[in-house]
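# An overview of the molecular structure
Here's the letter readout for the chains.
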Amino acid sequence: MIKNLPLLIILLFSIVSQAQITKISGTIRDKETKETIPFVILSFKGTHIGTTSNADGFFYLETSVKVDTLEVICIGYQSLSVKTEAFKNNELNLELSPSSVDIEEVTIVAGKNPAILLMKKVIKRRKQNNPERLLAYSYEQYNKLQLDINNFKYNPDFAKNKKTLKYKSILDNIGTDTITGKTYLPVLISETLSDYYYQKRPRKEKEIIKAVKISGIENTSLMQFTGQMYLDINLYKNYIKIFEKQFVSPIAVNSLLVYDYYLTDSTFINKKKYYKLIFKPKRKQEYTFDGYMWIADNFFAVKEIKANLSRSVNLEFIKSINFSQKYEVINDSIFFPANETTLIDFNLTDFTPGYFGKKITSRKKIKINPEYEDKFFSKTIPQELITLENAGQADSTYWKSVRHEKLSDQEQQIYKTVDFVKNIPAFKTVANTIKMLSFGYYEIGKFEYGPYFKTYSRNEIEGHRFRIGGRTSSAFSKKTEYSGHIAYGTLDKKFKYGIGFKYRISKNPWVVLSSSYNSDMVQLGASPNAFTEDNIISTVISKEANKDLLLQDKFKIGIEKEWFKGLISEVKFSYKNLYPSEFIKFTDYNDNAVTSLRTSEIILNTHLAYNEKYLESDLSRIFLGSKYPVFDISYSFAPEGLFKNSYNYHKITVNVEQSIFLGFIGKFNYSVEAGKIYGTVPFPLLKLHEGNQTYIFDPYSFNLMNYYEFASDKWLSVYAEHHFQGLFLNKIPLVRKLKMREVLYGKGVIGSLSDENKNEFNFPTTLSDLSTPYIEAGIGIENIFTFFRVDAIWRLTHNDKPDNSKFGIRASFQAQF
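Residues numbered from 1 in each chain as written. Predicted model: local features only at pLDDT ≥ 70, side-chain atom pairs only at ≥ 80, totals over all residues. Heavy atoms only, no water.

### Concerning the overall build of the protein
- Helix and strand content of the protein: 10 helices and 43 strands.
- The long-range share in the protein, meaning contacts at least 24 apart out of those at least 6 apart in sequence, stands at 63%.
- A total accessible area of about 40300 Å² is found for the protein, and carbon and sulfur atoms account for 57% of it. (Helix = DSSP H or I, 4+ residues; strand = E, 2+ residues; numbered from the N terminus. Contact = heavy atoms within 4.5 Å. Areas by Shrake-Rupley, 256 points an atom, 1.4 Å probe, with all protein chains shown as cover.)

### A word on the sheet that holds strand E2 (residues 41-44)
- Strand order across the open sheet formed by 4 strands is E3-E2-E5-E6, with antiparallel pairing between neighbours. The strands lining the two open edges of the sheet, one partner per strand, are strand E3 (50-52) and strand E6 (80-83). In this sheet, adjacent strand axes meet at a mean angle of 20° when their direction is disregarded.
- When strand E5 (residues 69-73) meets E6, the two strands line up antiparallel, connected through 4 bridges. Bridge pairing links Thr-69 to Lys-83 in E6. (Pairing = 2+ DSSP bridges. Axes fitted to C-alpha atoms, helices over the stretch in contact; angles between N-to-C directions.)

### Let's talk about unusual backbone geometry
- Omega for the bond connecting Arg-201 with Pro-202 falls within 30 degrees of zero, at -15°, which places this linkage in the cis form.
- In this fold, Pro-202 is placed in the loop between strand E10 (183-199) and strand E11 (204-214).
- The peptide bond linking Gly-450 to Pro-451 adopts the cis configuration, its omega dihedral lying at -10°.
- Counting through the fold element by element, Pro-451 comes out in the loop between strand E23 (447-449) and strand E24 (456-459).
- Of note in the backbone geometry, Lys-34 takes a positive phi value of approximately 65° without being a glycine.
- Topologically, Lys-34 is positioned in the loop between strand E1 (22-30) and E2.

### Notes on the side chain of Asn-605
- Summarising the element assignment, Asn-605 is placed in strand E31 (residues 597-609).
- Here the side chain of Asn-605 touches Ser-634 through a polar contact of 2.8 Å, side chain to side chain.
- Each residue touching Asn-605, except ones within four places of it in the same chain, is listed here: Ile-568, Ser-569, Glu-570, Lys-572, Ile-633 and Ser-634. (Polar contact = N/O pair within 3.5 Å; in protein donor to acceptor, adjacent residues only side chain to side chain.)

### With respect to the nonpolar core
- One finds Leu-235, Phe-289, Met-293 and Val-302 to be the most contacted residues of the largest nonpolar core, which totals 44 residues.
- If we ignore the near neighbours within four places in the chain, the residues touching Val-302 are Leu-235, Tyr-236, Ile-251, Met-293, Trp-294, Ile-295, Tyr-327 and Phe-335.
- One finds Tyr-649, Phe-683, Tyr-708 and Ala-711 within the second-largest nonpolar core, a separate group that totals 22 residues. (Core = buried A, V, L, I, M, F, W, Y, C linked by side-chain atoms within 4.5 Å. Buried < 20%, exposed > 50% of the residue type's maximum accessible area, 1.4 Å probe, protein only.)

### So, the sheet that holds E1
- Across the sheet, which stays open at both edges, the 3 strands sit in the order E4-E1-E7 with mixed pairing between neighbours. Both edges of this open sheet fall to strand E4 (58-63) and strand E7 (89-96), since each of them pairs with a single strand only. Strand after strand, the sheet turns through a mean of 20° between neighbouring axes, direction not considered.
- Pairing of E1 with E4 involves 6 bridges; the strand directions are antiparallel. From the neighbouring strand, Gly-26 faces E4, where its bridge partner is Phe-59.

### Thoughts on the confidence of the model for the protein
- On average, residues of the protein score 83 in pLDDT, and 84% of them reach the 70 mark or higher.
- Segment residues 101-108 is flagged for pLDDT under 50; beyond a separation of four residues in sequence, or across chains, it makes 3 contacts in the model. (pLDDT = per-residue confidence, 0-100.)

### Focus on the environment of Pro-382
- Among the structural elements, Pro-382 can be located in the loop between strand E20 (354-368) and strand E21 (383-387).
- Classification of Pro-382 by relative accessible area gives buried; the value is 11%.
- Along the chain, Pro-382 and Asn-611 lie 229 residues apart, while their C-alpha atoms are 6.8 Å from each other.
- If we skip the residues at most four places from it in the chain, Pro-382 touches Arg-203, Lys-204, Glu-205 and Tyr-610.

### Remarks on helix H2 (residues 114-124)
- Within H2 the residues assigned to the buried category are Ala-115, Leu-118, Met-119, Val-122 and Ile-123. Buried residues of H2, viewed axially, fall in a sector of 140°; they line one side.
- Structurally, H2 contributes buried residues whose contacts are with helix H3 (126-129), helix H5 (255-258), strand E14 (259-269), strand E15 (272-281) and strand E16 (289-296).
- Taking the backbone nitrogen of Ala-115 as reference, a side-chain oxygen 2.9 Å away marks Asn-113 as the first, capping residue of H2. (Arc of directions from axis to C-beta.)

### Regarding the pattern of salt bridges
- Inspection of the entire model under this criterion finds 27 salt bridges.
- Across the pair Asp-492 and Lys-496 runs a salt bridge, and its minimum N-O distance is 2.6 Å. Of the two residues, Asp-492 and Lys-496, both sit in the buried class.
- When salt bridges with common partners are traced through the structure, they connect Glu-462, Arg-465, Asp-492, Lys-496 and Asp-520 into a single cluster. (Salt bridge = Lys/Arg side-chain N within 4 Å of Asp/Glu carboxyl O.)

### Section: the pairing of strand E36 (residues 667-678)
- With burial as the criterion, only one face of E36 is covered, namely that bearing Lys-667, Asn-669, Ser-671, Glu-673, Gly-675 and Ile-677; the residues Phe-668, Tyr-670, Val-672, Ala-674, Lys-676 and Tyr-678 on the opposite face remain uncovered.
- Bridging between strand E35 (residues 649-661) and E36 involves 12 bridges; their strand directions are antiparallel. Paired with Thr-653 across the two strands is Gly-675, which belongs to E36.
- The turn linking E35 back onto E36 is made up of 5 residues, and Gly-663 within it adopts a positive phi angle of 65°.
- By the bridge criterion, 10 bridges tie E36 to strand E39 (residues 714-723) in an arrangement that is antiparallel. Bridging across to E39, Tyr-670 finds its partner in Ala-720.

### A closer look at the packing of aromatic side chains
- Under the definition given, this model contains 40 aromatic pairs.
- Measuring from centroid to centroid gives 5.5 Å for Phe-247 and Tyr-287, while their planes differ by 80°, and the two rings are edge-to-face. Of this pair, Phe-247 sits in strand E13 (residues 245-248) while Tyr-287 sits in the loop between E15 and E16, and the two are 40 residues apart along the sequence.
- Its relative accessible area of 0% is what places Phe-247 among the buried residues.
- Take Tyr-287: its relative accessible area is 8%, and that puts it in the buried class.
- Site record: aromatic cluster; members linked through ring pairs are Tyr-137, Tyr-139, Tyr-196, Tyr-198 and Phe-336.
- Between Lys-206 and the ring centre of Phe-376, over which it is positioned, the NZ or CZ distance is 4.2 Å. (Phe/Tyr/Trp six-rings, centres within 6.5 Å; stacked < 30°, edge-to-face > 60°. Lys NZ or Arg CZ within 6 Å of the ring centre and 35° of its normal.)

### Things to note about the environment of Arg-29
- Structurally, the position occupied by Arg-29 is in strand E1.
- Judged by its relative accessible area of 36%, Arg-29 falls in the partly exposed class.
- Each C-alpha atom of the pair Arg-29 and Ser-97 lies 9.1 Å from the other, and the pair is 68 residues apart in sequence.
- In this view, Arg-29 contacts Lys-34, Glu-35, Thr-36, Ile-37, Leu-94, Glu-95 and Leu-96; residues no more than four positions away in its chain are not counted.

### Focus: the pairing of E1
- Of all the 9 residues making up E1, 7 are buried; the element is thus mostly covered by neighbouring parts of the structure.
- Summarising the sheet, E1 and E7 pair through 8 bridges and their orientation is parallel. Bridge assignment links Lys-23 to a residue of E7, and that residue is Asn-89.

### Let's talk about the environment of Pro-580
- Mapped onto the fold, Pro-580 is located in the loop between strand E30 (567-579) and E31.
- Beyond its immediate chain neighbours, meaning those up to four positions away, Pro-580 contacts Leu-550, Lys-585, Phe-586, Val-594, Thr-595 and Ser-596.

What follows is the structure, given as structure tokens:
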């Protein structure tokens, strides 16, 4: 299997030194005025390979096809043919002569730009022309999504090699993109056919996925993201959200402050007059587009738009975003989006292979203000997404009859190609390696070994710790997962272990049963986001070797159910024994040693998130958040005498968090948590506030607080963070080229502790209550060298305690767009 690996790497990511590539780049100007000309069409003669110049008149093309003539076309100018040298770099500075064709006279008022006058009318009619202002509408939607490997160099002679003849079906699909000029190899194509319904009052959306066809991936839930409600570009909103960034719409209320506009052309379509407006950003590195749009006279609605990501925008991993929309005129006055195309070019660097993501959307059978039955929409779910059970079983005859556009010969071949590629042993090896680096597990047949980063660690209790573990893969079962691990410490010379299972009872509604038993070390007072102590990263980045770990035997069993989208509840039973250590001792108020602390809890967790989106696999979900507040409520009850329970208590915790997008100002995150414990409990069962004894920034912990520093039985904590996304640094010459972004951070907590709880167990010498609030604040820079964030943090209160830090530098690794 390994012997084929180099061949596949050459095949998929071929950076062939002797590859023959024709590259064309340059700028196009008006021959008389010498001004640059945007959106000029350029193509190689006799091919479909081409591009358009950007808002600054710059263009770039490359191809492995042998060509020798570049054709240049632009409305209002004479066409031009230019000879080029095949398989070489061609730098061209072209000039176009204005054509002698007379165009309609335009009256220009002195001191007033006609494009600005037109845009003011467009902005004034934004609400009236927004399709979402309609009381109701419905349509049939066809989505086609394609993923391609790009940015590799390919030599056609490679296909003639005897060793690569069996890969001929793959090599035949290598092409050159007409927009970017990059060579690409299609690796995935999917199609989705759905019916979409919208109602304004009360606001309801419903989408029924009728058919899904996808190459290589069997999980249809992933393809729900090709539906209307997951990839939605509404030009009439002030901001267009793409990859957690908000781009200013070219027709936003404040667009005249952000864009420059130029009126360049006019035409008639079906006896209606339209004006062509070119737009480009006023300033560099802001979240903007450049492009052009056709505006309808009288209605001042957008008929068509083509837009590109501004070249200097402060965005990582995305080399370009291009989207176009065409609007259909309905009832002679309503401009409704009927066709959309989006192309996104992902690249880690300019020198490594990347990916194209291309989505084409077509809408037909558009109905305005249809009548719905009373029970048509769900009363509890604002955005209802239904995938029919047989959606993935439609045959080729069905697809041929329902497609809104015919597949090209190359697209039809992709289905065969991807199925062939995924079964190549070397491809499986590459795929498994990528999965291991991303998720920590390496798949071998029906078993996944991991997490690999827990194989070795070190702490003061166990010394050198070695661990091996894993879980069954989806090849074993799509409904059941078994997991386990075993570990050994060289200092305490003890084995630790754990076993567990998950079983999916139902997928719709989502119901999962899980259970586990672990006898292993735990860190009390660690945040849920912190690296676990058996993670090798914790060993490397800790300020000192950890001696605060405790041994715990824990059994739990629970069932999780989704009642409707956005509301999930879980009922669990937990039984655990917690043992002291030589560093963290358990002694009662009479200084008598306590050998173990036994608790049995019944726990009810509730997750409420209005309109939350998620990715779903066979046995787990990854939540992608919501623009609305997300609530998590946890209630625990430990009845006296249940399984020889040591204590009787109730505990309730309520948490709310939200990300608020504020346009060009950035993104504001906040989280508020409140909790209370009813009953008398020892310090290990109190709220031990989350400390952080590493150099890694953790938003869910107090970064300058130590473990076992503060405890409460009633508390309120607040966290706030604002990401300016380069609002200030983008204005500084030279510095803005680094694309760094500013962050402000603050976190505080206040709590109280009853005398009964203070005296139940003797506290460690470092532990105290929080009658005075703990507050820390910081300022940070993120997107340093693309992947890093560094924060300077100040501890503003409780600075009289020994062994604490008033100031600290914390770093973190993050990959964000």
